[in-house]
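Spelled out from the first residue to the last, the chains are:
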Amino acid sequence: MCGKMGFKSSSFLCLAIFFAISSSIHAFNITKLLGQNPDFSTFNNYLTETKLVDQINSRNTITVLALSNAAISSISGKSPQVIKAILSTHVILDFFDEKKLMEAHNTGELLTTLYQSSGLAVNQQGFLRVKLIGEGALAFGSAVKDAPIDDELVQTVLSQPYNISILEIVKPIVAPGIDSQTPPEGAKAPAAASAKAPVPTKGAKADAPTPSSEEVTSPPSPSEVVTDSPAEAPTADAPGAGDAKTHHSSSSRTVVGLVGAVMCFASLLAVM
């Protein structure tokens, strides 16, 4: 009798561990979290349309700088590609609540955003700065040189240490030059335009055949090739360093939990 009771207790314990591990693998859904507040509906829709929602939900640790419907209207007329680039800078690859933001202000830490991982960021467009302004209000701004840091924190919408933080800010953060650094959707690497037939030189026969555009190809000149140097990583904070540490910590906790669950089930099989 006691053996059966002990077996049942062990079974319930193992199931509890299993479900706890399963739920920790996918900790949050940003669409559902933002959907609880209708004032973020436009921001939420943009995350879905640009597929940023998939990148956000794939992370274990994230901070989203959310914009109200009124605030985001200032960028609604831009192309989908530019909107995606701008909103990517509103996704910080680490957990930040107000306390941790104060620490970042004190240390001068740069905040690494999702745009930094896009491969399009230059001149520190993929980083944000945070500082105190006015009467002690926290504010954000692009880390690009001379960019304003005046986008005030309105409120903490949601905080789940150390998985996700949603913070509302006053207006969109538009890094200088981010519009021009965003290529059209599906655009290929820059290439030469269709070659024109060469102009006959002086003395050439009038009836000389003119090469067709299909037969003539011309490599792009050096001035036509656009090369974007990768964003220079800040010396104080390597890109994605905080996120890498968090992922390592989360992965370690998950592995330990899984090992415990396997050992628990192995002991049950031995009893049976």
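Going along each chain's sequence as written, the residues are numbered from 1 onward. Selection of residues for local features in this predicted model requires a pLDDT of at least 70, selection of side-chain atom pairs for listing and counting requires 80 or more, and totals for whole chains, interfaces and linings are taken over all residues. The side-chain numbers reported here are obtained from all heavy atoms of the structure, hydrogens and water having been left aside.

- By the naming in an unreviewed UniProt entry, the protein chain goes by Fasciclin-like arabinogalactan protein 3-like and is assigned to Trifolium pratense.
- For the record of the protein chain, the UniProt heading Function (unreviewed entry) holds the text "May be a cell surface adhesion protein."
- UniProt positions are given in the numbering used here, feature names are shortened, and annotations may be inferred rather than shown by experiment. Recorded in UniProt for the protein chain, the comment headed Subcellular location (unreviewed entry) runs: "Cell membrane".

1. Digging into the overall build of the protein chain
At step 1: A tally of regular secondary structure across the protein chain gives eight helices and seven strands.
At step 2: Looking at the protein chain as a whole, 35% of its 272 residues qualify as buried.
At step 3: At a minimum sequence separation of 6, the contacts of the protein chain that also span at least 24 residues come to 63%. Note on conventions: DSSP H or I runs of at least 4 residues are helices, E runs of at least 2 residues are strands, and numbering of each starts at the N terminus. Summary of the burial criterion: residues with accessible area below 20% of their type's maximum are buried, those above 50% are exposed, and those between are partly exposed, where the area comes from a 1.4 Å probe applied to protein chains only. It only takes one pair of heavy atoms within 4.5 Å for two residues to be counted as in contact.

2. Thoughts on the pairing of strand β4 (residues 127–133)
At step 1: Here, strands pair whenever DSSP counts at least two bridges between them. With two bridges connecting them, strand β3 (residues 111–112) and β4 associate as antiparallel partners. Each residue of the ladder has a partner; that of Thr-112, found in β4, is Phe-127.
At step 2: With six bridges connecting them, β4 and strand β5 (residues 137–142) associate as antiparallel partners. In the strand pairing of β5, Val-130 is matched with Phe-140.
At step 3: Hairpin remark: β4 followed by β5, antiparallel, with three residues in the connecting loop; positive phi at Gly-134, about 55°.

3. Concerning the nonpolar core
At step 1: Within this scheme, the nonpolar core is defined by two criteria: the residues are buried Ala, Val, Leu, Ile, Met, Phe, Trp, Tyr or Cys, and they are joined through side-chain atoms within 4.5 Å. Of all hydrophobic cores here, the largest spans 46 residues; its most connected members are Ile-30, Phe-43, Leu-47, Leu-87 and Phe-140.
At step 2: Here this core gets five residues from one element, more than from any other, and that element is helix α6 (residues 80–88).
At step 3: Residues contacting Leu-47, with those up to four places away along its chain left out, are Ile-30, Leu-34, Leu-52, Val-53, Ile-56 and Leu-87.

4. Quick look at the pattern of salt bridges
At step 1: We define a salt bridge as a side-chain nitrogen of Lys or Arg found within 4 Å of a carboxyl oxygen belonging to Asp or Glu. If you walk through the whole model with that rule in mind, you get three salt bridges.
At step 2: Between Asp-179 and Lys-78 there is a salt bridge; the shortest N-O distance is 3.4 Å. A residue pair is termed long-range when its members are at least 10 positions apart, and Asp-179 in the loop between β7 (164–169) and α8 (241–271) and Lys-78 in the loop between α5 (69–72) and α6 qualify at 101 residues.
At step 3: Across the pair Asp-150 and Lys-171 runs a salt bridge whose closest N-O atoms are separated by 3.3 Å. Placement of Asp-150 in strand β6 (residues 149–160) and of Lys-171 in the loop between β7 and α8 is noted, with a sequence separation of 21 residues between them.
At step 4: Asp-150 sits in the partly exposed class, given a relative accessible area of 36%.

5. A short note on the side chain of Thr-113
At step 1: Within the secondary structure, Thr-113 is located in the loop between β3 and β4.
At step 2: Judged by relative accessible area, which is 0%, Thr-113 ranks as buried.
At step 3: Between N or O atoms, a polar contact is any pair within 3.5 Å; within protein, one atom must be a potential hydrogen donor and the other a potential acceptor, and residues adjacent in sequence are included only when both atoms are from side chains. Here Gly-126 takes part through its backbone oxygen, which lies 2.8 Å from a polar atom of the side chain of Thr-113.
At step 4: Leaving out residues up to four positions away in the same chain, Thr-113 has contacts with Ser-88, Thr-89, Val-91, Ile-92, Leu-93, Gly-126, Phe-127 and Leu-128.

6. Considering the pairing of strand β1 (residues 62–66)
At step 1: For β1, the tally of buried residues reaches five of five residues, placing the bulk of the element in the interior.
At step 2: Burial of the side chains of β1 extends over both faces: Ile-62, Val-64 and Ala-66 are buried on one face and Thr-63 and Leu-65 on the other.
At step 3: The pairing of β1 with β7 spans five bridges and is parallel. Each bridged residue has a counterpart across the sheet, and for Thr-63 the counterpart in β7 is Ser-165.
At step 4: Of the pairings in the sheet, the one linking β1 to strand β2 (residues 91–92) comprises two bridges and is antiparallel in character. When the sheet's bridge partners are listed, Thr-63 is paired in β2 with Ile-92.

7. What about α6?
At step 1: The buried fraction of α6 is high, at seven of nine residues.
At step 2: Residues Gln-81, Val-82, Ile-83, Ala-85, Ile-86, Leu-87 and Ser-88 constitute the buried set of α6.
At step 3: Buried residues in α6 make contact with α3 (41–49), α4 (52–57), α5 and β2.

8. Thoughts on the sheet that holds β2
At step 1: Taken together, the seven strands give an open sheet; going across it, the order is β2-β1-β7-β6-β5-β4-β3, and neighbouring strands pair in mixed fashion. At either margin of the open sheet sits one strand with a lone partner, and together these are β2 and β3.
At step 2: Pairing analysis gives three bridges linking β5 to β6, with the strands arranged antiparallel. Among the inter-strand pairings, Ala-139 is bridged to a residue of β6, identified as Glu-152.
At step 3: Lying over the sheet, helix α7 (residues 98–107) contacts β3, β4, β5, β6 and β7, oriented at roughly 95° with respect to β4. Orientation is described by axes fitted as lines to C-alpha atoms, over the contacting stretch for helices, and by angles from 0 to 180 degrees between their N-to-C directions.

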